[in-house]
Amino acid sequence: MSRVSLEGQVAVVTGAARGVGELLARRLSARGAKVALVGLEEEMLKEVSGRLHGESAHWYADVTDHEAMSRVAREVKERFGKVDIVVANAGVAAGGPFADSDPQAWRRVIEVNLIGSAVTARAFLPVLAESRGYLLQVASLAALTPAPMMSAYCASKSGVEAYAHSLRAEVGHQGVGVGVAYLSWTDTDMVRGADQDDVMRELRQRLPWPSNKTYPLGPAVDRLVAGIERRSAHVYGQWWLRGMQGVRGYLPALIATVGQREMKRFAPRLQGMRSGLVGAGGAADETARATHRN
């Protein structure tokens with residue numbers, strides 16, 4: 001599929017203060033796009049915006065807040081005149097055994113990753129229909145295969161994959177493209193935060209190659225940019241993820257068998273695991289919610 005120039009296009013990136021979102025905003029800006037950054041870390045968003053190559057602006061908003069995201073969509077269009085690309089990237093994660101998980105943290109993973117993605121799309125679909133634009137939903141390897149100790153994250157990413165596939169069929173006749181991006185373990189604050197727990201780190205290291213590696217951020221984001229330029233239905237941040245599509249039907253049974261063995265091995269060490277959101281992004285989400293409650 002031929003690539004479309006990003007010069008002069010307006011791109012919205014959620015979760016743009018750090019990690020995938022930050023680097024994606026920089027890559028899109030370097031290719032001539034005007035970028036609207038959305039997230040919960042206002043000062044960091046301002047810093048990212050100030051370092052971009054071209055025109056940009058930033059908005060503080062919780063992606064799960066429909067009124068806030070609808071306001072952002074209106075203001076982005078007022079600021080730039082249109083919206084061509086939306087990347088629903090904002091996400092959080094929590095690890096540990098489901099039975100011992102923090103119910104609020106578990107729910108928040110679903111709210112941000114799945115509901116927040118839907119709220120983002122609902123807010124921006126009208127302007128994407130005007131521009132016959134493109135929505136990229138960031139999913140994960142977790143959408144392709146289940147994993148013990150990651151029930152909320154796997155559920156949320158499986159959900160956004162299915163939701164985005166459904167949406168593609170609904171809005172294609174309006175000229176709106178919808179893609180799903182898959183990333184394996186990529187060097188971000190979220191992954192580094194998860195690795196701070198010894199059990200989670202060792203459990204991940206025992207996964208079969210190549211799923212046991214942490215991959216550099218730059219090449220993964222470059223693949224996302226190429227997918228946006230092609231308006232691809234599927235974008236793979238690591239080369240081998242494409243092959244997972246053909247075997248995903250066999251994975252639940254395999255993971256159930258192998259996972260039971262691994263959980264038995266780690267069982268004595270599961271007591272006292274941290275059950276909240278992981279990484280700097282998770283901490284920012286918790287801080288923002290605490291501030292809002294107060």
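Please refer to the structure placed before this passage.
An account of the accompanying structure is given in this report.

Cut-offs and rules
- All residue numbers here refer to positions counted from 1 along the written sequence of the relevant chain.
- This being a predicted model, a pLDDT of at least 70 is required before a residue's local features are given, and a value of 80 or more before pairs of side-chain atoms are given or counted; all residues contribute to the totals for chains, interfaces and linings.
- The basis for the side-chain values is all heavy atoms of the structure; hydrogens and waters are excluded.
- Under the scheme used here, helices are H or I runs from DSSP no shorter than 4 residues and strands are E runs no shorter than 2 residues, and both carry numbers assigned from the N terminus.
- Atoms counted for the radius of gyration: C-alpha only. Globule rule: 2.2 Å times residue count to the power 0.38.
- The buried label applies to any residue whose accessible area, calculated with a 1.4 Å probe on protein chains only, is under 20% of its type's maximum; exposed applies above 50%, and partly exposed to all values in between.
- In this tally, Asp and Glu contribute negative charge and Lys and Arg positive charge; neither His nor the terminal groups of the chain are included.
- Here the site of a charge means NZ on Lys, CZ on Arg, CG on Asp, or CD on Glu.
- Ring pairs are drawn from Phe, Tyr and Trp, using the six-membered ring of Trp, whenever the two centres fall within 6.5 Å, and their geometry is named by plane angle: stacked under 30 degrees, edge-to-face over 60, tilted for the rest.
- Geometrically, a charge over a ring is one whose NZ (Lys) or CZ (Arg) sits within 6 Å of the ring centre while staying within 35 degrees of the ring normal.
- Being paired, for any two strands, means DSSP has found at least two bridges between them.
- To obtain an axis, a line is fitted to C-alpha atoms, over the contacting stretch when the element is a helix, and the angle between two such axes runs from 0 to 180 degrees between their N-to-C directions.
- Every residue pair with non-hydrogen atoms within 4.5 Å of one another is taken to be in contact.

Quick look at the overall build of the chain
For the chain, the count of helices and strands is 11 helices and seven strands. The C-alpha radius of gyration computed for the chain amounts to 19 Å, which stays within 12% of the reference 19 Å derived for 294 residues, consistent with globular compactness. Projected onto its principal axes, the C-alpha positions of the chain cover 55 × 50 × 30 Å. Across the 294 residues that make up the chain, the buried fraction comes to 54%. In the chain, which carries 36 positive and 30 negative side-chain charges, the distance between the mean positions of the two groups comes to 6 Å.

Describing the packing of aromatic side chains
Throughout the structure, instances matching the rule amount to three aromatic pairs. Aromatic pair Phe-98 and Trp-106: ring centres 5.6 Å apart, planes at 75°, arrangement edge-to-face. Phe-98 gets classed as exposed once you look at its relative accessible area, which sits at 55%. Between Tyr-215 and Trp-240, the ring centres sit 6.2 Å apart and the planes meet at 40°, which makes this aromatic pair tilted. Of this pair, Tyr-215 sits in the loop between helix 7 (198–205) and helix 8 (217–230) while Trp-240 is found in the loop between strand 7 (234–236) and helix 9 (241–244), placing the two residues 25 residues apart along the sequence. As far as burial versus exposure is concerned, Tyr-215 and Trp-240 are alike and both buried. The ring of Phe-80 has Arg-79 lying over it, and the distance from NZ or CZ to the ring centre is 4.8 Å.

Observations concerning unusual backbone geometry
Going from Trp-209 to Pro-210, the amide bond is cis rather than trans, its omega being 5°. With respect to the helices and strands, the residue Pro-210 is situated in the loop between helix 7 and helix 8. Here Arg-132, not a glycine, exhibits a phi torsion of approximately 50°, which is positive. Among the secondary structure elements, Arg-132 is positioned in the loop between helix 4 (103–131) and strand 5 (134–138). Look at Arg-231: it is not a glycine, yet its phi comes out positive at around 55°. Here Arg-231 is to be found in the loop between helix 8 and strand 7.

Describing the sheet that holds strand 4 (residues 85–88)
Each strand in a sheet pairs with another by means of backbone hydrogen bonds, the pair being arranged parallel or else antiparallel. Reading across the sheet, the seven strands line up as 3-2-1-4-5-6-7 and stay open at both edges, with parallel pairing between neighbours. A strand with exactly one partner marks an edge of an open sheet, and here the two such strands are strand 3 (56–60) and strand 7. The mean angle between the axes of side-by-side strands here comes to 20°, regardless of whether they run parallel or antiparallel. Sheet topology places strand 1 (residues 10–14) next to strand 4; three bridges connect them, and they run parallel. Considered in strand 4, the bridge of Ala-11 is made with Ile-85. Relative to strand 7, helix 8 is tilted by about 160°, and along the sheet it contacts strand 4, strand 5, strand 6 (177–182) and strand 7.

Considering the environment of Val-76
For Val-76, the position within the fold is in helix 3 (residues 66–80). On the accessibility criterion, Val-76 (0% relative accessible area) is buried. In contact with Val-76, not counting residues within four places along its chain, are Val-10, Val-12, Ala-36, Trp-59, Gly-81, Lys-82, Val-83 and Phe-124.

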